[in-house]
Amino acid sequence: MNRKGFTLIELLAVIVVLGLVLVVTIPSITSAYKNSKIKSEEVFVDRLTQAIDSYVKLNSDTMSFSCKSDRCEGRKTENGKEYDITYQKGVITINDIIKDGILTQKDFVNAGNKETSCETSAEVEVYKDSDFVYCYKMKKDSLKCLTDTYKENIGDYAIDTCVWKENQG
C-alpha cells in the first residue's frame, strides 16, 4: 500500500513537541525582553548623566549656587576616610541642557518606555563641594518616563553621583 500523508498520531506528536518547545522558550524570551527594556533605561539614564556632566562643566562659572543657611555641611567618604565638607546647591532643568545644545529633544527619549514622553522641566540638583567637585541628583519620579520596574530597582534618585551625605540637624 502506498502511504501518502501523516497519521493523526504523528500530527499530534508533532503538535505536542512544538507545544513543549513553546512552553520552554516563551518565559526566557519574555525575560530577555524585560531585561532589554531595563538595560535600555539604564543606558538612557547614563546618557542623561553624561549630558548633565557636560552642561555643568561648560556652565559652572555662570551657575548660581546657594544654601538654605550660611553653610551646608555634610560628610564625605573617600578612600575609606570620612571627613566633613561644606557644599552649595544649584538647580538646573533638562530644558537648560536642551537649550544649550548638549542634548536634543530627539535624544531625550527613554527607549525602555516609549509610551510616555519624558518631562523636560525635570529638575536636577547640582552640588558643589568646597573643593569644587560637582555631583548631581535627580529624583526618579521627576522624569515621568521611567518604568515602575526600573524604579523598583533604584533608590529615591534616578541619578545620584554624590559621594557625600548631608548632615542631619
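Preceding this section is the structure that the text describes.
Residues numbered from 1 in each chain as written. Predicted model: local features only at pLDDT ≥ 70, side-chain atom pairs only at ≥ 80, totals over all residues. Heavy atoms only, no water.

This next bit is on the pattern of salt bridges. Scanning the entire structure with this criterion turns up five salt bridges. A salt bridge links E42 to K39; the shortest N-O distance between them is 3.7 Å. With a gap of three residues between them, E42 and K39 both fall in helix 1 (residues 8-59), about one helical turn apart. Salt-bridge contacts for E125 lead to K89; the nearest nitrogen and oxygen are separated by 3.9 Å. Pair noted here: E125 is in strand 3 (residues 123-129) and K89 is in strand 2 (residues 81-93), with a separation of 36 residues, a long-range link. With a relative accessible area of 14%, E125 lands in the buried category. The partly exposed category is assigned to K89, whose relative accessible area is 31%. (Salt bridge = Lys/Arg side-chain N within 4 Å of Asp/Glu carboxyl O. Helix = DSSP H or I, 4+ residues; strand = E, 2+ residues; numbered from the N terminus. Buried < 20%, exposed > 50% of the residue type's maximum accessible area, 1.4 Å probe, protein only.)

This part is about the side chain of E41. Within the secondary structure, E41 sits in helix 1. As a buried residue without a salt bridge, E41 has its nearest oppositely charged side chain in K37, at a separation of 6.8 Å. Here the side chain of E41 touches N110 through a polar contact of 3.0 Å, side chain to side chain. Those residues in contact with E41 that sit more than four places away from it in its chain are N110, G112, C145, L146, T147 and Y150. (Lys, Arg positive; Asp, Glu negative; His and termini not counted. Polar contact = N/O pair within 3.5 Å; in protein donor to acceptor, adjacent residues only side chain to side chain. Contact = heavy atoms within 4.5 Å.)

What follows deals with the nonpolar core. Judged by nonpolar contacts, the single largest core of 28 residues is most densely connected at L48, I52, I94 and L143. Elements supplying a minimum of two residues to this core: helix 1, helix 2 (94-99), strand 3, strand 4 (134-139) and strand 5 (157-160). Element by element, the count of residues in this core is highest for helix 1, at eight residues. Among all residues touching L143, those that are not within four sequence positions of it are F44, L48, F108, S117, C118, E119, A122 and M138. Counting residues in each nonpolar core, the second largest holds six residues, with C72, I85, Y87 and C135 among its members. (Core = buried A, V, L, I, M, F, W, Y, C linked by side-chain atoms within 4.5 Å.)

Attention now goes to the pairing of strand 3. Most of strand 3 sits out of view: six of its seven residues are buried. Of the strand pairs in this sheet, strand 2 and strand 3 are connected by seven bridges, and their pairing is antiparallel. Its bridge partner being in strand 3, Q88 is matched across the sheet by K128. The pairing of strand 3 with strand 4 spans four bridges and is antiparallel. (Pairing = 2+ DSSP bridges.)

Don't take any of this as a statement about function, it's just geometry.
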